[in-house]
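Residues per chain, in single letters:
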Amino acid sequence: MDSETFWSDAGAHLIRYGGVFSPRIIERAVGSHLYDHEGREILDFTSGQMSAVLGHSHPDIVRTVTESVSTLAHLYSGMLSPPVVSLARRLADSLPAPLERMLLLSTGAESNEAAIKMAKLATGRYEVVSFDRSWHGMTSGAASATFSAGRRGYGPPMPGNLVLPTPNAYRSPFRRPDGSYDWETELDYGFQLVDQQSSGSLAACLVEPILSSGGIIELPPGYLARLREHCDRRGMLLILDEAQTGIGRTGDLYAFQRDGVVPDLLTLSKTLGAGLPVAVVMTSAEIEEACHERGFLFFTTHVSDPLAASVALTVLDVVERDGLVQRARTLGDRLTARLTEMRDRHEVVGDVRGRGLLQGLELVTDKASKAPAEELGRQVTDTCLELGLHMNIVQLPGMGGIFRIAPPLTIEVDDLDRGLDLLETALERTLARG
């Protein structure tokens, strides 16, 4: 199919689902690289949709999918298979107590939906608290807990969704006398507002350890512990959404391990499938048994599919075998150093944040005003693609353009350096054009 026919058919027959499509027609992907219909190579600095932690077409994943499709891919949802039980045991062994029971699903939204339903059923309450820059999915419950985008024009969301201020150290107005960020006061103030809004039915708090679609906002050290205290004081369950931070991405197998705070429910998706649709909810025996006794229902077409379980087991095997958690930490230090150098060299680079191989670079008009630089971000993104680098930029009201940098954990050092060189070249060329 020629490109003119391709785009004509796309325009005539596809439902658009947000943003605009990339102008490149992608025909294949291998490792850290994409190839378009003209054979041009594109370095992938987003791991697909922040998911392909092993890169594209990883031979172990290809082998697993081929074998599973040939033998055992899908079953009636009431049937169990060895890969599903093996994955449950493997994940339980990798997590601190009491996270020992698993529900295997397909997408991040689906896992968050299930976790929200379990929290409501276990507590007998219905109110869910999340950040005002949150993104937890597009299904009804997950979308109602998503505040960064997509809230207008659809009628009322699920009742009982309340917000906390996102702990954005770069832009928060909460400051100590010396100008440093006062996240403790901000969090306490946020819960005062939650208490004022609540009808007395607080069920859960759902957060990401690093808000990705919210602009790569990392929770400060100590924040999760204090958040846990607020939840415990109110009888709320803590749900951590590690769709993008789990399975080694941040330099720990799970991002919450840095803080030593164990959630009541943990959701994993994107990275667990390394680009294929795999998601889980992990929780305690106590919560699972309470939900079961009260009739928990999440009987979906692809719940407990053996193919998904086999893929997740292979991902865990490769991450462990190839030392990818430590590799993410090592390459993350290299990435931080390079991005920090860019910030120090360029007046329009306002902030660098994140950890491991999930980091953000925020563009502003100048460091003094911190004024958002959305148009600059769009132009730099376009120039990156022209140079052969795929970048994603988050643009939210009141914030500048924020690049989400999340290459595969398997990326070669030379490719990481080359991608950062291309990013800086794109920035300099865009600024030179005025």
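Further up the page is the structure itself.
Before going into details, it helps to say that this report is about the structure given with it.

Thresholds, definitions, all that
Residues numbered from 1 in each chain as written. Predicted model: local features only at pLDDT ≥ 70, side-chain atom pairs only at ≥ 80, totals over all residues. Heavy atoms only, no water. Helix = DSSP H or I, 4+ residues; strand = E, 2+ residues; numbered from the N terminus. Areas by Shrake-Rupley, 256 points an atom, 1.4 Å probe, with all protein chains shown as cover. Lys, Arg positive; Asp, Glu negative; His and termini not counted. Charge placed at Lys NZ, Arg CZ, Asp CG, Glu CD. Expected span 1.5 Å × (residues − 1). Buried < 20%, exposed > 50% of the residue type's maximum accessible area, 1.4 Å probe, protein only. Salt bridge = Lys/Arg side-chain N within 4 Å of Asp/Glu carboxyl O. Axes fitted to C-alpha atoms, helices over the stretch in contact; angles between N-to-C directions. Parallel < 35°, antiparallel > 145°, perpendicular 65-115°, else oblique. Left-handed = near helix turned anticlockwise from the far one by under 90°. Contact = heavy atoms within 4.5 Å. Polar contact = N/O pair within 3.5 Å; in protein donor to acceptor, adjacent residues only side chain to side chain. Arc of directions from axis to C-beta. Pairing = 2+ DSSP bridges.

A word on the overall build of the protein
1) Next: From N to C terminus, the protein includes 14 helices and 17 strands.
2) Next: Principal-axis analysis of the C-alpha atoms gives the protein an extent of 65 × 65 × 45 Å.
3) Next: When the accessible area of the protein is evaluated, it comes to approximately 18700 Å², of which 53% is carbon and sulfur surface.
4) Next: In the protein, which carries 41 positive and 57 negative side-chain charges, the distance between the mean positions of the two groups comes to 3 Å.

Re helix 14 (residues 413-433)
1) Next: Relative to the 30 Å expected for 21 residues at 1.5 Å per residue, helix 14 spans 30 Å between its end C-alpha atoms, a close match to the ideal helical length.
2) Next: For helix 14, the set of buried residues is Asp-415, Leu-416, Asp-417, Gly-419, Leu-420, Leu-422, Leu-423, Glu-424, Ala-426, Leu-427 and Thr-430.
3) Next: Gly-434, located one to two residues past helix 14, shows a positive phi value of around 75 degrees.

Topic: the pattern of salt bridges
1) Next: Counted by the stated rule, this structure contains 31 salt bridges.
2) Next: In this structure, the salt-bridge partner of Asp-60 is Arg-63, at a minimum N-O distance of 3.6 Å. Within this pair, Asp-60 and its partner Arg-63 are both found in helix 3 (residues 59-71), separated by three residues, close to a single helical turn.
3) Next: With a shortest N-O distance of 2.9 Å, Arg-378 and Glu-375 are connected by a salt bridge. Taken as a pair, Arg-378 and Glu-375 lie in helix 13 (residues 374-387) at a separation of three residues, close to a single helical turn.
4) Next: Arg-378 sits in the partly exposed class, given a relative accessible area of 38%.
5) Next: When salt bridges that share partners are traced, they join Glu-218, Asp-252, Arg-258, Asp-259, Arg-329 and Arg-355 into one network.

A word on unusual backbone geometry
1) Next: Residue Pro-98 is bonded to the preceding Ala-97 through a cis peptide linkage, with omega at 5 degrees.
2) Next: Mapped onto the secondary structure, Pro-98 falls in the loop between helix 4 (82-94) and strand 4 (101-105).
3) Next: Unlike most non-glycine residues, Lys-370 shows phi in positive territory, near 60 degrees.
4) Next: Position of Lys-370 relative to the elements: it lies in the loop between strand 14 (358-363) and helix 13.

Some details on the packing of helix 7 (residues 183-197) against helix 8 (residues 223-234)
1) Next: The N-to-C vectors of helix 7 and helix 8 enclose an angle of 25 degrees; their axes lie 11 Å apart at closest approach. Between helix 7 and helix 8, the angle is such that the two are roughly parallel. The two elements helix 7 and helix 8 meet at a crossing, and its hand is right-handed. Residue-level contacts link Trp-183, Glu-184, Leu-187, Asp-188, Phe-191 and Asp-195 of helix 7 to Tyr-223, Arg-226, Leu-227, His-230 and Arg-234 of helix 8.

What about the environment of Arg-24?
1) Next: Examined against the element boundaries, Arg-24 turns out to sit in the loop between helix 1 (3-13) and strand 1 (26-30).
2) Next: Spatially, the C-alpha atoms of Arg-24 and Leu-266 are 36 Å apart, while their sequence positions differ by 242 residues.
3) Next: Leaving out residues up to four positions away in the same chain, Arg-24 has contacts with Trp-7, Asp-36, Arg-40, Ile-42, Leu-385 and Glu-386.
4) Next: A polar contact of 3.4 Å, which involves the side chain of Arg-24, links it to the side chain of Asp-36.
5) Next: At a separation of 3.0 Å, a polar atom in the side chain of Arg-24 contacts the main-chain carbonyl oxygen of Leu-385.

A short note on helix 8
Every α-helix winds through 3.6 residues per turn, so residues three or four apart in the chain are directed the same way.
1) Next: Helix length check: helix 8 (12 residues) gives 17 Å between terminal C-alpha atoms against 16 Å at 1.5 Å per residue, within 8%.
2) Next: Listed as buried for helix 8 are Tyr-223, Leu-224, Leu-227, Arg-228, His-230, Cys-231 and Arg-234. Seen along its axis, helix 8 keeps its buried residues to an arc of 160 degrees; they face one direction.

Remarks on the sheet that holds strand 2 (residues 33-36)
Within a sheet, neighbouring strands are paired by backbone hydrogen bonds and run either parallel or antiparallel to one another.
1) Next: Strand order in this open sheet of four strands is 1-2-3-15, and the pairing throughout is mixed. On the outer flanks of this sheet lie strand 1 and strand 15 (389-390), each paired with one strand and no other.
2) Next: Pairing of strand 3 (residues 41-44) with strand 15 involves two bridges; the strand directions are parallel. From the neighbouring strand, Asp-44 faces strand 15, where its bridge partner is His-390.
3) Next: Taken strand by strand, helix 14 contacts strand 2, strand 3 and strand 15, and its axis lies near 100 degrees from that of strand 3.

Quick look at the sheet that holds strand 16 (residues 392-394)
1) Next: The strand order across the open sheet formed by four strands is 13-14-17-16, and the pairing between neighbours is antiparallel. Of all the strands in the sheet, the pair left with one neighbour each is strand 13 (349-355) and strand 16. This sheet shows a mean twist of 25 degrees between the axes of neighbouring strands, independent of strand direction.
2) Next: Direction of pairing for strand 13 relative to strand 14: antiparallel, over a ladder of six bridges.

Quick look at the side chain of Asp-417
1) Next: Positionally, Asp-417 belongs in helix 14.
2) Next: With a relative accessible area of 16%, Asp-417 lands in the buried category.
3) Next: The residues contacting Asp-417, other than those within four sequence positions of it, are Arg-334 and Arg-338.

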